[in-house]
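Coordinate analysis (summary)
What follows is the residue order along each chain.
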Amino acid sequence: MSRTLPVQKNEYIEVVFEDLTHDGAGVAKVDGYPLFIPNGLPGEKAKIKVIKVNKGYGVGRLIELYEKSPYRVDIPSEEQNQYGGCQLEHISYEGQLIYKENQVRQVLSRIGKLEDVVVHPIIGMDQPFHYRNKAQVPVGEKDGKLIAGFFKPRSHEIVDTDESVIQLPEVNEAIKAVKEICGELGIPAYNEETHKGVLRHIMARYGKQTGELMIVVVTRTADIPFKNKLIEKVTARLPQVKSIVHNVNSKRTNVILGEKTSVLWGNEFIYDYIGNVKFAISALSFYQVNPVQTKVLYDKALEYANLSGEESVIDAYCGIGTISLFLAQKAKQVFGVEIVLEAIEDARRNADLNGITNAEFAVGEAEVVIPTWYKEGNTADVLVVDPPRKGCDEALLQTIIDMKPTKVVYVSCNPGTLARDLRILEDGGYKTLEVQPVDMFPMTTHVECVAQLVKKL
Ligand SMILES: C[S@@+](CC[C@H](N)C(=O)[O-])C[C@H]1O[C@@H](n2cnc3c(N)ncnc32)[C@H](O)[C@@H]1O
């Protein structure tokens with residue numbers, strides 16, 4: 001098969017990178033045949049080795065850089081960059097923002113055929129490092145020592161890491177402390193291959209506004225050896241800790257959290273604020289990982305909703321009600337819809353916590369619940385959607401088109417599905433006025449957008 005392709009496996013060739021993939025790998029083409037090479041940047045000339053050839057694309061390894069991109073920067077850890085979730089760390093932050101903004105513009109034009117929409121310059125962070133308020137790291141053993149970090153792809157090998165450039169220092173410190181304490185106590189690490197041992201993952205969550213820390217230890221076994229000593233040492237070394245939670249995951253699985261969760265010490269929740277809204281965060285709650293940019297994103301969503309206080313608003317895919325509670329402060333009534341029951345329980349608790357009485361929450365699929373409301377004669381003035389990466393279900397988009405809210409605010413973590421859905425809404429009578437990209441995840445390839453649509457007259 002490979003004989004018909006323009007490159008052979010194990011061949012060394014010279015290329016110029018033209019683009020980046022969604023994973024941050026460089027894209028080079030040989031007679032139109034695309035090659036993906038981790039660590040290559042657009043504009044760079046390099047020698048590569050072809051390590052894999054498929055029918056539609058090949059994969060290469062960077063051997064030598066002949067011409068460097070002006071956006072290339074030195075990085076402390078190649079492994080963290082490629083496997084540890086920091087795929088763009090080798091690009092200066094200025095370069096990352098240019099890449100993300102261009103990606104949004106290109107996708108809106110190519111997939112959405114939205115030629116005249118205003119795409120604002122992306123809103124980046126002043127401090128793009130150390131922003132994540134949560135980490136969950138796998139635990140293993142090497143040379144008799146407890147280690148924790150990240151898995152090398154397609155392997156059971158853990159790279160021991162104490163310092164992630166995207167996690168808050170408090171989160172890095174917490175993971176390191178718990179790892180060292182467990183090592184000192186001799187708590188055995190879980191072994192994925194043999195399904196033996198105890199400690200599987202260590203998780204830390206930090207409320208940036210409150211300074212409250214939660215530690216979650218995930219074990220295979222129902223018991224934790226030296227449990228009391230562990231609590232004593234963790235609380236002594238990490239004075240910010242307000243909650244230590246034990247999660248039991250006895251299954252052979254890649255899923256981190258298991259079937260049983262109990263509080264080992266302290267509270268069930270830690271608290272945090274986004275703007276003036278207070279959130280109770282439990283070990284299992286979904287909570288945005290970049291609190292600084294979340295506020296920026298929600299403020300933009302609120303601005304695009306342009307509420308006067310008289311509107312009825314539907315917040316589809318509402319999670320724990322974060323956007324709903326922001327909107328409720330400016331709307332007459334907000335109805336949130338979310339598929340996960342526990343998230344809706346959190347949303348109701350968070351509404352109570354903030355004394356918000358004009359937000360109601362329903363459990364179910366947005367594409368089922370909202371059409372039902374519409375058939376029952378209930379409509380909204382403003383509809384906000386914040387779907388997962390796959391975008392909105394077509395049945396929901398059709399209901400929006402039929403319901404005719406005057407404004408739609410679309411919050412998206414995937415420009416491709418955003419563009420697809422905006423095209424459907426445009427064809428159904430809406431006009432996309434503006435799109436604001438927001439960098440919620442510096443050093444990674446992800447980009448968030450919020451779009452404002454109005455009903456055409
Ligand atoms: C991108 S998150 C947004 C959460 C929330 N708006 C926030 O900012 O925290 C998408 C949410 O949609 C929920 N979800 C996924 N499919 C759904 C569906 N068909 N109907 C309703 N909710 C769904 C997920 O559980 C998740 O909470």
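This write-up is about the structure you can find in this document.

Take the overall build of the protein chain next. When helices and strands are counted, the protein chain shows ten helices and 23 strands. Its C-alpha atoms give the protein chain a radius of gyration of 24 Å, within 12% of the compact-globule value 23 Å for 457 residues. Projecting the C-alpha coordinates of the protein chain onto the three principal axes gives extents of approximately 65 × 65 × 40 Å. Looking at the 457 residues of the protein chain, the share that counts as buried comes to 53%. For the protein chain, the share of sequence-separated contacts (at least 6 apart) that also reach a separation of at least 24 residues comes to 64%. Carbon and sulfur atoms provide 49% of the accessible area of the protein chain, an area that totals close to 20600 Å². Of the side chains in the protein chain, 53 bear a positive and 61 a negative charge, and the two mean positions are spaced by 4 Å.

Time to look at the packing of helix α9 (residues 394-403) against helix α10 (residues 415-427). Here α9 crosses α10 at 35°, and the two axes come no closer than 9 Å. Here α9 runs over α10; the crossing is right-handed. Residue-level contacts link Glu 394, Leu 397, Ile 400 and Ile 401 of α9 to Asp 421, Ile 424 and Leu 425 of α10. Residue composition of the contact of α9 with α10, by class: five nonpolar, no polar and two charged.

A few words on the side chain of Asp 421. Among the secondary structure elements, Asp 421 is positioned in helix α10. The residues contacting Asp 421, other than those within four sequence positions of it, are Gly 391, Cys 392, Leu 397 and Tyr 410.

Our next topic: unusual backbone geometry. Backbone geometry at Lys 113 places phi at a positive 50°, although glycine is not the residue there. When you line up the elements, Lys 113 lands in the loop between α2 (93-110) and β7 (118-119). Overall, the relative accessible area of 52% leaves Lys 113 in the exposed class. With phi around 75°, Met 443 is a residue other than glycine that occupies positive phi space. Structurally, Met 443 can be placed in the loop between β22 (430-438) and β23 (448-455).

Further remarks concern helix α8 (residues 366-375). Looking only at α8, the buried set comprises Ala 366, Val 369, Ile 370, Pro 371 and Trp 373. Buried residues in α8 make contact with β17 (312-316), β18 (333-338), β19 (359-363) and α9. Once α8 ends, the next one or two residues include Gly 377, with phi positive near 95°.

Within the structure shown, the criterion is met by four aromatic pairs. Pairing Phe 335 with Trp 373 gives two aromatic rings, centres 5.9 Å apart and planes at 65°, and the pair type is edge-to-face. With Phe 335 in strand β18 and Trp 373 in helix α8, this residue pair connects regions lying 38 residues apart in the sequence. Given a relative accessible area of 23%, Phe 335 falls into the partly exposed group. Judged by its relative accessible area of 17%, Trp 373 falls in the buried class. In this structure, Arg 200 is placed above the aromatic ring of Tyr 190, and the distance from its NZ or CZ to the ring centre is 4.2 Å. Directly above the aromatic system of Tyr 271 lies the positively charged group of Lys 278, at a separation of 4.7 Å from the ring centroid.

Thresholds applied
- Residues numbered from 1 in each chain as written.
- Predicted model: local features only at pLDDT ≥ 70, side-chain atom pairs only at ≥ 80, totals over all residues.
- Heavy atoms only, no water.
- Helix = DSSP H or I, 4+ residues; strand = E, 2+ residues; numbered from the N terminus.
- Rg over C-alpha atoms; globule rule 2.2 N^0.38 Å.
- Buried < 20%, exposed > 50% of the residue type's maximum accessible area, 1.4 Å probe, protein only.
- Contact = heavy atoms within 4.5 Å.
- Areas by Shrake-Rupley, 256 points an atom, 1.4 Å probe, with all protein chains shown as cover.
- Lys, Arg positive; Asp, Glu negative; His and termini not counted.
- Charge placed at Lys NZ, Arg CZ, Asp CG, Glu CD.
- Axes fitted to C-alpha atoms, helices over the stretch in contact; angles between N-to-C directions.
- Left-handed = near helix turned anticlockwise from the far one by under 90°.
- Nonpolar A, V, L, I, M, F, W, Y, C, P; charged D, E, K, R; others polar.
- Phe/Tyr/Trp six-rings, centres within 6.5 Å; stacked < 30°, edge-to-face > 60°.
- Lys NZ or Arg CZ within 6 Å of the ring centre and 35° of its normal.

Keep in mind these numbers describe shape, not what the thing actually does.
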